[in-house]
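A structural walkthrough
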Amino acid sequence: ATRCFKDMKVKWIEVPSLLHKDSVQQSSTLVPPLVLGTKPVTALAMNDVSISGIDFHCSNVLDNILEDKAFYNCLLKKISSDNSSTTALIHGIDGAVSKESLKNFLKGLTWTFSSGVNVRRSLYGNKEKSLSQLPMYELWSLDVKPHVESFATKYISSRLSKY
């Protein structure tokens, strides 16, 4: 049922609670059995945690993967041979790539192709470009992503095993 707040003489401050009223009611029936039921959830498992949530905001993933000399050198070689405007920004005045600028470049890739990706369906049906059509997708998917996901998996596993 569609609600028309204009006809209901609702104050703006009440709109969020009215919009989420059904969700709150549904949650109140779904959550208690998970916590208080006969078989309550007592701990999270690996598949309860999103790997893409482990990024540079909450971990040292980029510092960690850049410590891998083979990965670091491979990345430098690929970026140095790429003449696109995307990689041109990370070269210094002398043409060299600093570790900090490489880390910032990886932050951008991680956000664009992993942690910043919104998998929810658009309310307006807008079609966005497929991630595979974006510049640097191949570099992300073939070279960076395996290292980021390996780190994230170990990171999650180490924290879940403590409890």
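What counts and what doesn't
- Residues numbered from 1 in each chain as written.
- Predicted model: local features only at pLDDT ≥ 70, side-chain atom pairs only at ≥ 80, totals over all residues.
- Heavy atoms only, no water.
- Patch = residues over 30% accessible without salt bridge, like charges linked within 9 Å, V, L, I, M, F, W, Y side chains within 5 Å.
- Areas by Shrake-Rupley, 256 points an atom, 1.4 Å probe, with all protein chains shown as cover.
- Salt bridge = Lys/Arg side-chain N within 4 Å of Asp/Glu carboxyl O.
- Helix = DSSP H or I, 4+ residues; strand = E, 2+ residues; numbered from the N terminus.
- Bend = angle between axes of the 7 residues up to and from the residue.
- Buried < 20%, exposed > 50% of the residue type's maximum accessible area, 1.4 Å probe, protein only.
- Contact = heavy atoms within 4.5 Å.
- Polar contact = N/O pair within 3.5 Å; in protein donor to acceptor, adjacent residues only side chain to side chain.
- Axes fitted to C-alpha atoms, helices over the stretch in contact; angles between N-to-C directions.
- Parallel < 35°, antiparallel > 145°, perpendicular 65-115°, else oblique.
- Left-handed = near helix turned anticlockwise from the far one by under 90°.
- Nonpolar A, V, L, I, M, F, W, Y, C, P; charged D, E, K, R; others polar.

**Looking at a nonpolar patch on the surface**
Taken together, the side chains of L30, V31, L34, V35, L36 and V41 make up a nonpolar region of the molecular surface, amounting to roughly 590 Å² of accessible area. For L30, the position within the fold is in helix α3 (residues 21-36).

**What to know about helix α8 (residues 137-160)**
In α8, a bend of some 50 degrees at V144 exceeds every other bend along the element, and P146, a proline, comes one to four places later. Turning to α8, its buried residues number three or more, namely L139, W140, D143, V144, V148, F151, A152, Y155 and I156. In this structure, the buried residues of α8 make contact with α4 (61-66), α5 (69-81) and α7 (99-115).

**Quick word on the side chain of T110**
If you trace the backbone, T110 turns up in helix α7. A polar contact of 2.8 Å, which involves the side chain of T110, links it to the backbone oxygen of L106. For T110, the contacting residues outside a window of four places in its chain are D55, F56, L62, S115, G116 and W140.

**A word on the side chain of D143**
Counting through the fold element by element, D143 comes out in helix α8. We classify D143 as buried; its relative accessible area is 15%. There is a polar contact of 2.7 Å between the side chain of D143 and the side chain of K78. In contact with D143, other than residues within four places in its own chain, are F71, C74, K78 and E138.

**As for the environment of N64**
Mapping N64 onto the fold places it in helix α4. On the basis of relative accessible area, N64 is assigned to the partly exposed category, the value being 34%. For the pair N64 and F151, spaced 87 residues apart in the sequence, the C-alpha separation amounts to 8.0 Å.

**What to know about the packing of α5 against α8**
Two elements in contact, α5 and α8, have axes whose closest approach is 12 Å; the angle formed by their N-to-C orientations is 160 degrees. Taken as axis vectors, α5 and α8 run roughly antiparallel relative to one another. Considering how the two elements wind past one another, α5 and α8 form a crossing that is left-handed. Contacts between α5 and α8 involve F71, C74, L75 and K78 from the former and L139, D143, V144 and H147 from the latter. Within the contact of α5 with α8, the residues separate by chemical class into 5 nonpolar, 1 polar and 2 charged.

**Observations regarding the packing of α5 against α7**
At a closest axis distance of 12 Å, the pairing of α5 and α7 adopts a crossing angle of 80 degrees. In terms of orientation, α5 lies roughly perpendicular with respect to α7. Between α5, through F71, Y72, L75, L76 and I79, and α7, the contact on the second element is made entirely by K99, L102, F105 and L106.

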